Amino acid sequence: QVQLVESGGGLVQFGDSLRLSCVGSGRTFSSSAMGWFRQAPGKEREFVAAISGGGVMTNYADSVKGRFTISRDNAKNTVYLQMNSLKPEDTAVYYCAANNQRLLQFPVTVVAQWHYWGQGTQVTVSS
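Draft legend 1. Geometry of the state of the cysteines. Per the counting criterion, the structure on display carries 1 disulfide. Linked covalently through their sulfurs, C22 and C96 form a disulfide whose S-S length is 2.1 Å. Here the disulfide of C22 and C96 is left-handed, its torsion about the S-S bond being about -80 degrees. A residue pair is termed long-range when its members are at least 10 positions apart, and C22 in strand β3 (residues 18-25) and C96 in strand β9 (residues 92-99) qualify at 74 residues. Per residue, the accessibility class of C22 equals that of C96, and both read buried.

Draft legend 2. Main features of the environment of S17. On the secondary structure map, S17 appears in the loop between β2 (10-13) and β3. Residues S17 and R67 lie 50 residues apart in sequence; the distance between their C-alpha atoms is 9.4 Å. Dropping the residues within four chain positions of it, S17 is found in contact with V12, Q82, M83, N84, S85 and L86. Polar side-chain contacts of S17 include one of 2.9 Å to the side chain of N84.

Draft legend 3. Layout of unusual backbone geometry. For N77, which is not glycine, the phi torsion reads 50 degrees and is therefore positive. Judged by its relative accessible area of 27%, N77 falls in the partly exposed class.

What counts, and where the lines are drawn
Residues numbered from 1 in each chain as written. Predicted model: local features only at pLDDT ≥ 70, side-chain atom pairs only at ≥ 80, totals over all residues. Heavy atoms only, no water. Disulfide = S-S within 2.5 Å. Helix = DSSP H or I, 4+ residues; strand = E, 2+ residues; numbered from the N terminus. Buried < 20%, exposed > 50% of the residue type's maximum accessible area, 1.4 Å probe, protein only. Contact = heavy atoms within 4.5 Å. Polar contact = N/O pair within 3.5 Å; in protein donor to acceptor, adjacent residues only side chain to side chain.

In C-alpha coordinates, the structure reads:
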(Lines give C-alpha, C1' and ligand atoms only; values in the text may rest on other atoms or scores of the structure.)
Protein backbone atom coordinates (compact mmCIF):
# COMPACT_ATOMS: atom_id res chain seq x y z
CA GLN A 1 0.00 0.00 0.00
CA VAL A 2 1.01 3.57 -0.66
CA GLN A 3 -0.30 6.63 1.11
CA LEU A 4 -0.08 9.98 -0.64
CA VAL A 5 -0.66 13.39 0.91
CA GLU A 6 -0.76 16.54 -1.20
CA SER A 7 -0.22 20.10 -0.03
CA GLY A 8 0.48 23.54 -1.41
CA GLY A 9 -2.79 24.44 -3.04
CA GLY A 10 -4.44 27.81 -2.63
CA LEU A 11 -5.96 30.89 -4.21
CA VAL A 12 -3.70 32.82 -6.57
CA GLN A 13 -4.07 35.37 -9.32
CA PHE A 14 -3.59 35.07 -13.06
CA GLY A 15 0.11 34.78 -13.87
CA ASP A 16 1.16 33.73 -10.38
CA SER A 17 3.14 30.64 -9.45
CA LEU A 18 2.44 27.84 -7.01
CA ARG A 19 4.27 24.69 -5.99
CA LEU A 20 2.41 21.56 -5.00
CA SER A 21 3.99 18.81 -2.95
CA CYS A 22 3.03 15.18 -2.47
CA VAL A 23 4.60 13.03 0.22
CA GLY A 24 4.44 9.28 -0.21
CA SER A 25 4.77 6.50 2.35
CA GLY A 26 4.32 2.75 2.60
CA ARG A 27 6.46 1.62 -0.33
CA THR A 28 9.92 2.32 -1.66
CA PHE A 29 9.23 5.70 -3.15
CA SER A 30 11.88 5.50 -5.85
CA SER A 31 10.25 2.32 -7.20
CA SER A 32 7.11 4.22 -8.15
CA ALA A 33 6.37 6.39 -11.11
CA MET A 34 4.49 9.44 -9.87
CA GLY A 35 1.95 11.64 -11.54
CA TRP A 36 -0.25 14.67 -11.13
CA PHE A 37 -3.84 14.87 -12.33
CA ARG A 38 -6.49 17.53 -11.94
CA GLN A 39 -10.24 17.68 -11.92
CA ALA A 40 -12.31 20.80 -12.47
CA PRO A 41 -15.98 20.99 -11.42
CA GLY A 42 -18.17 19.07 -13.82
CA LYS A 43 -15.22 17.66 -15.73
CA GLU A 44 -13.37 14.38 -15.79
CA ARG A 45 -10.05 13.94 -14.07
CA GLU A 46 -7.26 14.76 -16.51
CA PHE A 47 -3.57 14.04 -16.72
CA VAL A 48 -1.14 16.85 -15.96
CA ALA A 49 2.35 15.38 -15.62
CA ALA A 50 4.28 12.23 -14.75
CA ILE A 51 7.82 11.37 -13.69
CA SER A 52 9.69 8.07 -13.55
CA GLY A 53 11.02 6.60 -10.33
CA GLY A 54 14.52 7.91 -10.90
CA GLY A 55 13.31 11.28 -12.11
CA VAL A 56 14.90 10.97 -15.54
CA MET A 57 11.75 10.58 -17.63
CA THR A 58 8.91 13.09 -17.59
CA ASN A 59 5.70 13.54 -19.53
CA TYR A 60 3.37 16.55 -19.69
CA ALA A 61 -0.06 17.37 -20.96
CA ASP A 62 0.08 19.81 -23.86
CA SER A 63 -1.95 22.33 -21.87
CA VAL A 64 0.80 22.71 -19.26
CA LYS A 65 3.99 22.21 -21.26
CA GLY A 66 6.40 25.08 -20.72
CA ARG A 67 4.52 26.29 -17.63
CA PHE A 68 4.53 23.34 -15.22
CA THR A 69 7.48 21.26 -14.06
CA ILE A 70 7.30 17.95 -12.25
CA SER A 71 10.22 16.87 -10.10
CA ARG A 72 10.93 14.54 -7.21
CA ASP A 73 13.22 14.16 -4.23
CA ASN A 74 13.41 10.48 -3.38
CA ALA A 75 15.35 11.18 -0.21
CA LYS A 76 12.29 13.06 1.04
CA ASN A 77 9.70 10.75 -0.56
CA THR A 78 8.25 13.81 -2.23
CA VAL A 79 7.12 14.74 -5.71
CA TYR A 80 6.55 18.36 -6.70
CA LEU A 81 4.58 20.24 -9.30
CA GLN A 82 5.91 23.73 -9.96
CA MET A 83 3.19 25.72 -11.68
CA ASN A 84 4.07 29.01 -13.33
CA SER A 85 2.05 31.48 -15.40
CA LEU A 86 -1.15 30.15 -13.92
CA LYS A 87 -4.41 30.73 -15.75
CA PRO A 88 -8.04 30.57 -14.58
CA GLU A 89 -8.45 27.38 -16.60
CA ASP A 90 -5.88 25.73 -14.32
CA THR A 91 -8.41 25.94 -11.50
CA ALA A 92 -9.08 22.41 -10.25
CA VAL A 93 -8.47 19.92 -7.49
CA TYR A 94 -4.99 18.52 -8.08
CA TYR A 95 -4.32 14.89 -7.25
CA CYS A 96 -1.07 13.04 -6.78
CA ALA A 97 -0.90 9.46 -8.07
CA ALA A 98 1.54 6.57 -7.88
CA ASN A 99 2.10 3.56 -10.09
CA ASN A 100 3.80 0.30 -9.13
CA GLN A 101 6.05 0.57 -12.18
CA ARG A 102 9.22 2.61 -11.99
CA LEU A 103 9.40 3.66 -15.63
CA LEU A 104 6.80 5.51 -17.70
CA GLN A 105 6.15 2.42 -19.83
CA PHE A 106 2.39 2.48 -19.48
CA PRO A 107 -0.38 4.83 -20.64
CA VAL A 108 0.35 7.59 -18.13
CA THR A 109 -2.59 9.74 -19.23
CA VAL A 110 -5.13 7.05 -18.31
CA VAL A 111 -6.57 7.43 -14.80
CA ALA A 112 -7.19 3.69 -14.39
CA GLN A 113 -3.48 2.96 -14.94
CA TRP A 114 -2.53 4.58 -11.64
CA HIS A 115 -2.71 2.47 -8.50
CA TYR A 116 -2.74 4.94 -5.63
CA TRP A 117 -4.20 8.40 -5.15
CA GLY A 118 -3.98 11.25 -2.70
CA GLN A 119 -6.95 13.16 -1.38
CA GLY A 120 -6.34 16.21 -3.57
CA THR A 121 -5.53 19.87 -3.02
CA GLN A 122 -7.55 22.78 -4.40
CA VAL A 123 -5.93 25.29 -6.74
CA THR A 124 -7.95 28.36 -7.67
CA VAL A 125 -6.68 30.95 -10.13
CA SER A 126 -8.58 34.20 -10.26
CA SER A 127 -8.61 36.50 -13.24
